[in-house]
Amino acid sequence: MSPHCSLLLLLSVTWLVSPSSALPFEQRGFWDFALDSLENGGLMSMMRDEEESSGSAEMPPPDVPTCPFGCHCQLRIVQCSDLGLTEVPKNLPPDTKFLDLQNNRITELKEHDFRGLTNLYALSVRNNKISKVHPKTFVPLRHMQKLYFSKNLLTAIPKNLPASLVELRIHENHIKKVAAGTFSGLGNMNCIEMGANPLQNSGFEPGAFRGLKLNYLRISEAKLTGVPKDLPESLSELHLDHNQIQAVELEDLSRYKNLFRLGLGNNHIRNIENGSLSYLSMLRELHLDNNRLTRVPQGLPKMKYLQVVYLHSNNISHVGVDDFCPRGFGMKRTFYNGISLFENPVNYWEVQPATFRCVGDRFAIQFGNYKK
C-alpha cells in the first residue's frame, strides 16, 4: 500500500460531535423553568405537597381570584406567556415558585409587581419590550435563583438584584455599559449570559465583576476587540465567540487558571502570543474556529488535559509533527478526542501520521476540502 493511501486511511474524514454547545440559552416553554427541579425531584415534592394539603386547605372566598385571567396556574407554576400582556398581572398566587411572562408586550417592571412573591424561585420575562425596571422591583423576591431577561430593551443591568440569584440570562438587550459594582452582593451568582448586547471593551468599568464567583460567563455576539480584563478568576467556562477580537496577548488569560472550556470562535484572531495558553493548565476544550490564524497555536502539547481543539475555517497552511502532541511519554494525561482542521489551506496528505500520535481514535481527526 502506498504511503499516500495509508495516510488517507489514518486521516479519514469524519465530523466531530461537540460535547457541549456554546449557543445562548433559549427558553422554549414554561416547563424549562423546572428543569433543575425535575432533575432533583423538587417538582415531584411540590406535587406531593399539593396532594397532602388538598384535603385540609380552606377554599378561598369566591371573590378572591386565585389565578390571573388568561393564565394557567398549577403546582405553584404560573404560566402567563403569549397573552399580549402590557404589564405584570395582578393577584398572582403568593405561593408561586415559577412565573412565566415571556412573549408578551410588557414595557416596564414596577415597584409592586411582585409584591408578596417571597417564595418565587424562577422568573422569565423573556421576549418582551421592557426598557425600565424600578430599583425596588426585586426586593420581595428574597429566594429567587433564576432570572431570564433576554430579548428586551434594557440599556443597563437592573439594580438591586436578589442576593439569592444564581443564574442571570440577559442576552440580546441594548446594554452598552457594565458599571463598577453592578453585581455587588451577588456572591451566589454562578452563571451570567449577556451576549448579543452592543458591549465594547470600554463598556466594562474596573470592578464591574467584583465579588462574583462565576463558573459560566458568555459575552458573545458583542463588539469586543480583545479579551476583557478582570473577569472572575473562578470561571470554568468563558465564551467570547462572535466578536471582533484580533489577538490573544500574553497576559489576557493569566487570571483564568480554572478554565475548562474557552470559546473564541468566529472572531478576527490572527495571532495568539506564545505562552498565552500556558496559564490554562486545566483546559479541556478550545474553540478557535472561524478566525484568521495562519498556524496552529503554540503550547498545545503542554496542555495535559486538552481533549478538543476546533481550528477549522482558518488560514492554516502547515501542520507540524509536534503541533499537538508532546515528545516522549507521560506528559499528556488525556488523549485528544476531537481535532478539527477542515476548511484550511493545508494539504492533509502532507501531514505526517505521527502528528496525531496522542489522538485516541483516528475518526477524531477532521480534515476536509479547502475552498478559496
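Computed from a predicted model, the values in this text were never measured in an experiment.

Cut-off values and rules
- Along each chain, numbering runs from 1 in the same order as the chain's sequence is written.
- Per-residue local features are limited, in this predicted model, to residues with pLDDT of at least 70; the limit for side-chain atom pairs, both in listing and counting, is 80 or more; totals at the level of whole chains, interfaces and linings are taken over all residues.
- Think of the side-chain values as coming from all heavy atoms in the structure, minus any hydrogens and water.
- Put simply, DSSP marks the helices as runs of H or I at least four residues long and the strands as runs of E at least two long, and each gets a number from the N terminus on.
- Burial status follows relative accessibility: with a 1.4 Å probe on protein chains alone, a residue under 20% of its type maximum counts as buried, one over 50% as exposed, and anything between as partly exposed.
- Polar contacts, as counted here, are pairs of nitrogen or oxygen atoms within 3.5 Å of one another; within protein the pair requires one atom able to donate a hydrogen and one able to accept it, and residues that are adjacent in sequence qualify only if both atoms are side-chain atoms.
- Note on terminology: disulfide denotes any pair of cysteine sulfur atoms within 2.5 Å.
- Whenever a carboxyl oxygen of Asp or Glu lies within 4 Å of a side-chain nitrogen of Lys or Arg, that contact is scored as a salt bridge.
- Only heavy atoms enter the contact rule, under which two residues are in contact if any of them lie within 4.5 Å.

### Brief notes about unusual backbone geometry
Part 1 of the reasoning: In this structure, N91 is a non-glycine residue whose phi angle is positive, near 55°.
Part 2 of the reasoning: Relative to the helices and strands, N91 resides in the loop between β2 (77-79) and β3 (98-100).
Part 3 of the reasoning: Phi is positive for H242, which is not a glycine, with a value near 60°.
Part 4 of the reasoning: Turning to its location among the elements, H242 is positioned in the loop between β11 (237-239) and β12 (247-248).
Part 5 of the reasoning: Classification of H242 by relative accessible area gives partly exposed; the value is 39%.

### Side note on the side chain of S254
Part 1 of the reasoning: Summarising the element assignment, S254 is placed in the loop between β12 and β13 (261-263).
Part 2 of the reasoning: Residue S254 is classed as buried on the basis of its relative accessible area of 15%.
Part 3 of the reasoning: A distance of 3.0 Å separates a polar side-chain atom of S254 from the backbone oxygen of E251.

### Topic: the state of the cysteines
Part 1 of the reasoning: Following the criterion strictly, the structure yields three disulfides and no others.
Part 2 of the reasoning: In the protein chain, the bonded cysteines, taken in the order they occur along the sequence, pair up as 1-3, 2-4, 5-6.

### Notes on the pattern of salt bridges
Part 1 of the reasoning: With the rule as written, the count across this model stands at 14 salt bridges.
Part 2 of the reasoning: Across the salt bridge formed by D252 and K229, the nearest N and O atoms sit 2.9 Å from each other. Taken as a pair, D252 in the loop between β12 and β13 and K229 in the loop between β10 (216-218) and β11 lie far apart in primary sequence, 23 residues in all.
Part 3 of the reasoning: The exposed category is assigned to K229, whose relative accessible area is 53%.
Part 4 of the reasoning: Note that R261 is salt-bridged to E285, the shortest N-O span being 3.2 Å. Of this pair, R261 sits in strand β13 while E285 sits in strand β15 (residues 285-287), placing them 24 residues apart in sequence.
Part 5 of the reasoning: Overlapping salt bridges bring together E193, R218, E221 and D241 as one network.

### Describing the environment of V227
Part 1 of the reasoning: Secondary-structure assignment places V227 in the loop between β10 and β11.
Part 2 of the reasoning: For V227, a relative accessible area of 3% puts it in the buried group.
Part 3 of the reasoning: Taking the C-alpha atoms as reference points, V227 and Q244, 17 residues apart in sequence, are found 9.9 Å from one another.
Part 4 of the reasoning: If we ignore the near neighbours within four places in the chain, the residues touching V227 are N201, L240, I245, D252 and L253.

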